[in-house]
Amino acid sequence: MQISDKISPFDIAPDDRALAIRDALRNAIVDRRLAPGTKLSESEVGTLFEASRTVVRASLQMLAFEGLVKTERNRGAFVSNPTPDEARQVFASRRLLEPGIVLAAVERITSADLERFRRHLEEETRYMNQRGPVARRAEIKASGDFHLMLAEVSGNAILQRFMDELVARSSLVIALYGNTGVSRCGHNEHADILEALEARDAARASAIMLHHIDHIEADLDLRVRDGLALKDALDI
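Everything in this summary refers to the structure shown in the same document. (Residues numbered from 1 in each chain as written. Predicted model: local features only at pLDDT ≥ 70, side-chain atom pairs only at ≥ 80, totals over all residues. Heavy atoms only, no water.)

## Regarding the side chain of D221
Along the polypeptide, D221 turns up in the loop between helix 9 (202-218) and helix 10 (230-234). Setting aside chain neighbours within four positions, we find D221 in contact with Y177 and N179. (Helix = DSSP H or I, 4+ residues; strand = E, 2+ residues; numbered from the N terminus. Contact = heavy atoms within 4.5 Å.)

## Side note on the pattern of salt bridges
Tallied over the entire structure, the rule returns 19 salt bridges. With its nearest N and O atoms 2.8 Å apart, the salt bridge here joins E198 to R118. Remark: R118 occurs in helix 5 (residues 111-128) and E198 occurs in helix 8 (residues 187-198); sequence separation between them is 80 residues. Judged by relative accessible area, E198 falls into the partly exposed class, the value being 43%. Note on R118: relative accessible area 30%, which makes it partly exposed. We note a salt bridge from E165 to R169, for which the minimum N-O separation is 3.0 Å. A residue pair is termed a helical-turn pair when its members lie 3 or 4 positions apart in one helix, as E165 and R169 do in helix 7 (residues 157-177) at 4 residues. By relative accessible area, E165 is classed as partly exposed at 24%. Residues joined in a network through salt bridges with shared partners are R22, D23, R26, E66 and D164. (Salt bridge = Lys/Arg side-chain N within 4 Å of Asp/Glu carboxyl O. Buried < 20%, exposed > 50% of the residue type's maximum accessible area, 1.4 Å probe, protein only.)

## Things to note about the sheet that holds strand 1 (residues 39-40)
What the 3 strands build is an open sheet, ordered 1-3-2; its pairing is antiparallel. A strand with exactly one partner marks an edge of an open sheet, and here the two such strands are strand 1 and strand 2 (69-72). With 4 bridges connecting them, strand 2 and strand 3 (residues 76-79) associate as antiparallel partners. Counted as the bridge partner of T71 is A77 from strand 3. (Pairing = 2+ DSSP bridges.)

## Description of the packing of helix 2 (residues 42-49) against helix 3 (residues 53-66)
For the pair helix 2 and helix 3, the least separation of the axes is 9 Å and the interaxial angle reads 110°. Classified by the angle between their axes, helix 2 and helix 3 sit roughly perpendicular to one another. Every residue of helix 3 that contacts helix 2 at E42, S43, V45 and G46 is listed here: R53, V56, R57 and L60. Taken together, the residues of the contact of helix 2 with helix 3 sort by class into 3 nonpolar, 2 polar and 3 charged. (Axes fitted to C-alpha atoms, helices over the stretch in contact; angles between N-to-C directions. Parallel < 35°, antiparallel > 145°, perpendicular 65-115°, else oblique. Nonpolar A, V, L, I, M, F, W, Y, C, P; charged D, E, K, R; others polar.)

## Thoughts on the nonpolar core
Counting 34 residues, the largest nonpolar core has F91, V102, F117, L150, I193, L197 and L220 as the members making the most contacts within it. Excluding its chain neighbours within four sequence positions, the residues that come into contact with F117 are I109, F146, M149, L150, V153 and L194. Formed by 22 residues, the second largest nonpolar core is a distinct cluster that contains V30, F49, L60 and L172. (Core = buried A, V, L, I, M, F, W, Y, C linked by side-chain atoms within 4.5 Å.)

## Concerning the environment of D145
Position of D145 among the secondary structure elements: in helix 6 (residues 133-154). The sequence separation of D145 and H120 amounts to 25 residues, and the corresponding C-alpha distance is 8.8 Å.

This is how it looks when you write it as structure tokens:
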């Protein structure tokens, strides 16, 4: 398991260490460096971060509460592997929340916020024009960050926490079910949303957001398939 986030094991309180390990694992999951179904061994994670099993277990419990990790009796913890129904529920939840976030953002967005969004769109464009898995992961993260920035501008801390979880779960779903292997969080649609926000056109911004979420989900292949026999799957 390769996790780039470095944590000093010294002079950190146990609760803070658990949070730091949680954040490192969470980033690796959201960035798709840890694939759905990956086993998160307490002993291996503890060795990597020079932390006790108690601290590691606390960090895994936090991730399980967010839905990013599932624990199984006598088997341990694994990166969540969402079912098609769970994937649909993620996007159904986003359809309920994000139009409201946009409506609130229209009322609160400032010139400084608009400039920050423009710089972010430039960053997205830069990643889109690059090739390779590192750039692809960066593009997916930047796409999710756009939605988190909107939640921040809305001024509702509760909605912001909900969106943080939903965007993280969306990244898992895209990793597992995305047809293209890259985020379909359309860059042009982000620009259209920003344009509507700048014009204080709440109805248009909300409508674009709903279309945008439909666009993301449309790239997913959520069909349930029957598994093949081992011989057929290996084509021997």
